[in-house]
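This is what each chain is made of:
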Amino acid sequence: MSDDPPEPSKGEIATLRQSALQKLNEFGNGEIDPRDVKRLTVDDDYVRRFLMHHDNDQALALEMVIDTFKWRKEMGVNDLTPEKLNKKLFDIGHLFPHNRDKDGFRILIFLVSKHTKGVYDMEDLKRLFIYWMERLEREEYGKWISVFFDMRDTGMKNMDMEFIQYMINLFKSYYPWILNYIIVLEMPWLLNAMWSIIKSWLPPKSIVKIKFVKKSSLSEYVSKDQSLVGWGGTDDFQFSFEPERPRPLPWLANAPGQEAKKVTFLESTNSVASVSAASANSGGGAAAAPPAAVPAGVTGQKALVVISPAEELVFDYTRQGATATLAVNNPNSFPVFFKVKTTSPERFRVRPSVGVLGSGSSSSVSVSVVGSEGGLGMPVPHALFVREKFLVLALRSNTDSASQQEVSDAFKVAPRGGVSEIRLRVGVSSSADTQNGISPQHSPTETLMLKKLDEILQKQEALQKSHTMMSRLVWVLLLLSFVVLYMLYTLPGCSPSLLGQRLEVDKLAEELADRVDL
């Protein structure tokens, strides 16, 4: 395309690769998938895509590499198989790759009319989309793809802005330089405002890739033989899931000489002093060894604590802010240290973030969302929660009495395998949103626009019902008219000549009546 940045040189590709590998070496055990590191090492085109995505800006490309690799490990992208997906989504057949555009690139089709927002779990939908993206990466070896939004017969109930925003975010943040076109077919005019919002999520250079088409103009981007019959083409394809055919991909083999590495979790700066600060206050000497860290053969695969909720930390929105509560329980016969970390300590306030649990005891951890200006009480968009995670660490102890600093230091020096980990994703209570009149996934302007669109579409549906009823009435009247005409011309005594004579008699009667009146 004419707006493409210049191709990076081999030297620029080598520079980004070296910088990324150095940065990745700083991460701890399990934070990065070694298969992704191997692809970075052996696949020049993959490195090139990060540079192209950011107009050959080395710093931005490096930041995207790191963010992408952390996200891929968090989501378990390389291990995402059909068996881990919701099979009902395949039965719907609303999202699948098929055929190619005129430039020869695969098309990922989204039949929007078959999708109803809120029916299926958003996490299942996200995994389905990631699965198809990864499968296309493997089948096409990282070549461009076109995303096709089939908007025929689409209404407000089908437009899932959260899901579409998630798609857009993946293209922006984790799948570099992969979009050829975003093709939107038969877009209802009442949904134009929603697409204006969607376009605002894209960088300017990507907006030109959005192509709004009708059936008559689709051939500019997709030929007739590659278009479905419903699009005006000749392909009568009906989606049915087919397993992926295995193919050799060097970066998916286990990388030799690399340890299996684990999302970067950081300590909340709002809840506990740092170790370095404590050392400075003690005169700069080495911190005393924590008295209570006793690994005793505990492995990182065995949870030492029980938490509630177990999988998703759900935030309730109120006028005062967004909060969640996490219960941590020690079911063991010995004391346990615990620590709560998050991917974004600047966004969450965790109190307490560390603590000691005696045998059979529990602790309640309060988590609050920090507003954009550092204060509480400001609604935070759902999109900001998409990538967030919490990590609950637990470590066996020989005492149930220790300061926060001693607990923190114990985790610093704990041997590998001595700390158990439980991960939590972040969710938002939909009931709280409705109760408080808050729609966190959109800005106030977007919320107002969507509310107005809802009202317009409700009126449109009422008008469509009225139009349908009037159309039926007109057809009934036309049918009755034909029946009457048929009877007039076919029944005995109703011949055209007799009708004419009757009309003349009626006319003479009217004239006589007029003369009598005179």
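Only a predicted model underlies this, so the values are computations on that prediction, with no experimental measurement involved. Counting restarts for each chain, with residues numbered from 1 along the sequence as it is written. Per-residue local features are limited, in this predicted model, to residues with pLDDT of at least 70; the limit for side-chain atom pairs, both in listing and counting, is 80 or more; totals at the level of whole chains, interfaces and linings are taken over all residues. With hydrogens and water set aside, each side-chain value is computed from the structure's full complement of heavy atoms.

Asker: What am I meant to see in the packing of aromatic side chains here?
Answerer: For any pair of aromatic rings, the description consists of the separation of the ring centres together with the inter-plane angle of the planes. Stacked, tilted and edge-to-face are the three classes assigned to paired rings of Phe, Tyr and Trp, where Trp is represented by its six-membered ring and a pair needs centres within 6.5 Å; plane angles under 30 degrees give stacked, over 60 edge-to-face, the rest tilted. The final tally for this structure, using the stated rule, is 24 aromatic pairs. Where Phe129 meets Phe163, the ring centres are 6.4 Å apart and the plane angle is 85°; that geometry is what we call edge-to-face. Linking Phe129 in helix 6 (residues 122–140) with Phe163 in helix 7 (residues 161–173), this pair joins segments that are 34 residues apart in sequence. Remark: exposure states derive from per-residue accessible area (1.4 Å probe, protein chains only) relative to the maximum for the residue type, with buried under 20%, exposed over 50%, and partly exposed in between. Of the residues examined, Phe129 reaches a relative accessible area of 1% and is grouped as buried. Numbering of helices and strands runs from the N terminus, with a helix taken as a DSSP run of H or I at least four residues long and a strand as a DSSP run of E at least two residues long.

Asker: Would you take a moment to explain the side chain of Asp36 for this structure?
Answerer: With respect to the helices and strands, Asp36 occurs in helix 2 (residues 34–42). A relative accessible area of 3% means that Asp36 is categorised as buried. If we ignore the near neighbours within four places in the chain, the residues touching Asp36 are Phe69, Arg72 and Asn78. The contact definition used throughout considers only heavy atoms, calling two residues in contact when any of these lie within 4.5 Å.

Asker: I tried to follow the pattern of salt bridges on my own but got confused; where do I start?
Answerer: Close approach of charged atoms lets side chains of opposite charge pair. Salt bridge, as used here, is a side-chain nitrogen of Lys or Arg placed within 4 Å of a carboxyl oxygen of Asp or Glu. Following the criterion strictly, the structure yields 22 salt bridges and no others. Between Arg48 and Glu7 there is a salt bridge, with its nearest N and O atoms 2.7 Å apart. With a gap of 41 residues between them, Arg48 in helix 3 (residues 44–53) and Glu7 in the segment before helix 1 (10–24) connect regions that are remote in the sequence. Residue class for Arg48 comes out buried when judged on its relative accessible area of 19%. The partner of Arg135 in a salt bridge is Glu139, and the shortest N-O contact between them spans 2.9 Å. Of this pair, Arg135 and Glu139 both sit in helix 6, four residues apart, which is roughly one turn of that helix. We note that Arg135, like Glu139, is buried.

Asker: Looking at this structure, how should I read the nonpolar core?
Answerer: One finds Phe149 and Met159 to be the most contacted residues of the largest nonpolar core, which totals 63 residues. Top contributing element to this core by residue count: helix 6, with nine residues. In this structure Met159 touches Val112, Lys117, Met151, Thr154, Ile164, Leu191, Met194, Trp195 and Ile198, once residues within four positions along its chain are discounted. Here, nonpolar core refers to any group of buried Ala, Val, Leu, Ile, Met, Phe, Trp, Tyr and Cys residues whose side-chain atoms link them within 4.5 Å.

Asker: What is the right way to read the packing of helix 2 against helix 3 from this model?
Answerer: Pairs of packed helices are described in terms of their axes, by the angle between the two and the distance that separates them. The N-to-C vectors of helix 2 and helix 3 enclose an angle of 90°; their axes lie 5 Å apart at closest approach. For the element pair helix 2 / helix 3, the angle class is roughly perpendicular. Across the interface between the two elements, Arg39, Leu40 and Val42 of helix 2 pack against Asp44, Tyr46, Val47 and Arg49 of helix 3. Tallied by class, the residues present in the contact of helix 2 with helix 3 amount to four nonpolar, no polar and three charged. All axes here are fitted lines through C-alpha atoms, helices being fitted over the stretch that makes contact, and every angle between N-to-C directions spans 0 to 180 degrees. Convention used here: angles under 35 degrees read as roughly parallel, angles over 145 as roughly antiparallel, angles from 65 to 115 as roughly perpendicular, and any remaining angle as oblique. Under the scheme applied, nonpolar residues are Ala, Val, Leu, Ile, Met, Phe, Trp, Tyr, Cys and Pro; charged residues are Asp, Glu, Lys and Arg; polar residues are all the others, including Gly.

Asker: I would appreciate a short explanation of a nonpolar patch on the surface in the present structure.
Answerer: Taken together, the side chains of Val474, Trp475, Leu478, Phe482, Val484, Leu485 and Leu488 make up a nonpolar region of the molecular surface, amounting to roughly 700 Å² of accessible area. Its location among the elements puts Phe482 in helix 13 (residues 444–490). Like charges within 9 Å and nonpolar side chains (Val, Leu, Ile, Met, Phe, Trp, Tyr) within 5 Å are joined into patches, using only residues over 30% in relative accessible area that form no salt bridge. Each accessible area value is a Shrake-Rupley result obtained with a 1.4 Å probe; residue values ignore everything except the protein chains displayed when judging cover.

Asker: I keep staring at the confidence of the model for the chain and nothing clicks. Help me out?
Answerer: As a note on interpretation, predicted positions should not be read in detail where pLDDT is low. For the chain, per-residue confidence averages 79 on the pLDDT scale, and residues scoring 70 or more make up 73% of the total. Residue range residues 254–263 is modelled with pLDDT below 50. Its contacts to residues more than four positions away, or to other chains, number 36 contacts. The score called pLDDT rates the predictor's confidence residue by residue, from a low of 0 to a high of 100. Within the model, pLDDT remains below 50 along residues 372–379, and this stretch shows 16 contacts once partners closer than five positions in the same chain are excluded.

Asker: Is there a simple way to think about the environment of Met156 in this case?
Answerer: With respect to the helices, strands and loops of the structure, Met156 is situated in the loop between strand 3 (145–150) and helix 7. Given the relative accessible area of 9%, Met156 is considered buried. Along the backbone, Met156 and Leu191 are 35 residues apart, and their C-alpha atoms lie at a distance of 7.9 Å.

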